[in-house]
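# Residue-level structure breakdown
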Amino acid sequence: MDFAAKIYVAGHRGLAGGAIVRALRAQGYNNLLLKTHAEVELTSQAAVDSFFAAEKPDYVFLAAARVGGIQANNVYPAEFIRDNLAIQTNVIHSAWQHGVKKLAFLGSSCIYPKLAPQPMPEASLLTGPLESTNEWYAVAKIAGIKMCQAYRRQYGFDAISLMPTNLYGPGDNFHLENSHVMPALIRKFHEARQRGDAEVVMWGTGTPRREFLHVDDLGAACVYLMQNYSGEDFVNVGIGEDVTIRELAELVKKVVGFEGRIVQDLSKPDGTPRKLMDVTRLSALGWQAKIALEEGVAETYRWFVEQQGAARL
């Protein structure tokens, strides 16, 4: 990508999209197209086609999606499959139709079978049943991968697909009930420290293992792969290491400065025992994550505290 190229980041207000914008600007790409939901309704084929016809972007990062936790997936399965299919279908088709040079589609680790081998290689896609709690979202993301592959095969469209692992960092959702485990723990320990609580409750046994990639590493990886990779095979984007939920809780406790104890609520489910990405393909392409977990958690906590302070002003 030359520095004058017009680059559209769909979903720039989200966790991943915001990191891609930061990574692009850090490398000197400033001709960015950033449109809000109100400005371009991505579920509308007519609106997306009009946008591409008018703006003619050179490159597209497709990070826009309807996202949510287990509860949201269970309550709104129709919206999750409909909206995600519509967003990616409209953007990929219009990008090809209006001469975009290259598109990067962002998926999710939930595309893999519930009982995929660990670490999860790209080859395990479609080899078994999906996790039932998020299959609507997963099916849509799998369709996005296949659409990129189909448009490459039939039309020669340079569309690549990238599958991030669990993300965290500035811009995350810290809601106690519908956020992911990392931001939920940060908020729990922070509020417990403020109140002077003696303990913080952790769900389950703490034995499941999870991989966490700082979102700014994801942003850097997306820009790197846009610059250096063109292929039909999708690419896992992760750090290649995992920790137990208990280890994560102890790390967050240390970073936040909470001095009480961690107690377990064994009535709560553990979820999948392990979810780790195989990043062999990514490493062979010459990229690896740089932000260590403790460093990333500390930075994320500082951002959270700053946002809490700003909200009170």
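Scroll up for the structure.
This section reports on the structure supplied with the text. Fair warning: this is a prediction, and the values are worked out from it, not measured in the lab. (Residues numbered from 1 in each chain as written. Predicted model: local features only at pLDDT ≥ 70, side-chain atom pairs only at ≥ 80, totals over all residues. Heavy atoms only, no water.)

## Brief notes about the overall build of the protein
Quick note on the threshold: Only DSSP runs of H or I with at least four residues qualify as helices, and only runs of E with at least two residues qualify as strands; both kinds are numbered from the N terminus onward. Only C-alpha atoms enter the radius of gyration; for comparison, a globular chain is expected to reach 2.2 Å times N to the power 0.38, where N is the number of residues. We call a residue buried when its accessible area falls under 20% of the maximum for its residue type, exposed when it is over 50%, and partly exposed in between, using a 1.4 Å probe and counting protein chains only. The criterion used for residue contact is that any of the two residues' heavy atoms lie within 4.5 Å. In short, Shrake-Rupley with a 1.4 Å probe defines the accessible areas, and a residue's cover is counted only from the protein chains shown. Only four residue types enter the tally: Lys and Arg on the positive side, Asp and Glu on the negative side; His and the chain ends are excluded. Throughout, a charge is located at the NZ atom of Lys, the CZ atom of Arg, the CG atom of Asp or the CD atom of Glu.
A tally of regular secondary structure across the protein gives ten helices and 13 strands. The C-alpha atoms of the protein give a radius of gyration of 20 Å, which matches the 20 Å a tight globule of 313 residues would have. Along the first, second and third principal axes, the C-alpha atoms of the protein reach 60 × 50 × 40 Å. A buried classification covers 50% of the 313 residues belonging to the protein. Within the protein, residue pairs in contact and separated by at least 24 positions form 80% of the contacts whose partners lie at least 6 positions apart. Here the protein has roughly 14,400 Å² of accessible surface; of this, 51% comes from carbon and sulfur atoms. Seen as two clouds, the 32 positive and the 34 negative side-chain charges of the protein have centres 1 Å apart.

## Here's the deal with the sheet that holds strand β8 (residues 209–210)
Whenever strands of a sheet pair, they do so through backbone hydrogen bonds, lying parallel or antiparallel. This is how the line gets drawn: By the convention used here, strands pair only if DSSP detects at least 2 bridges between them.
Strands sit in the order β11-β8-β13 across an open sheet of three strands; the sheet is mixed. Each having just a single partner strand, β11 (243–244) and β13 (274–275) make up the two edges of the open sheet. In the sheet, β8 pairs with β11 via two bridges, with the strands oriented antiparallel. Note that in β11 the partner of Arg210 across the bridge is Val243.

## Some remarks on the environment of Pro183
Its place among the elements puts Pro183 in helix α6 (residues 181–195). Taking the C-alpha atoms as reference, Pro183 lies 8.9 Å from Phe304; in sequence the two are 121 residues apart. Aside from chain neighbours lying at most four places away, what touches Pro183 is Asp172, Asn173 and Phe174.

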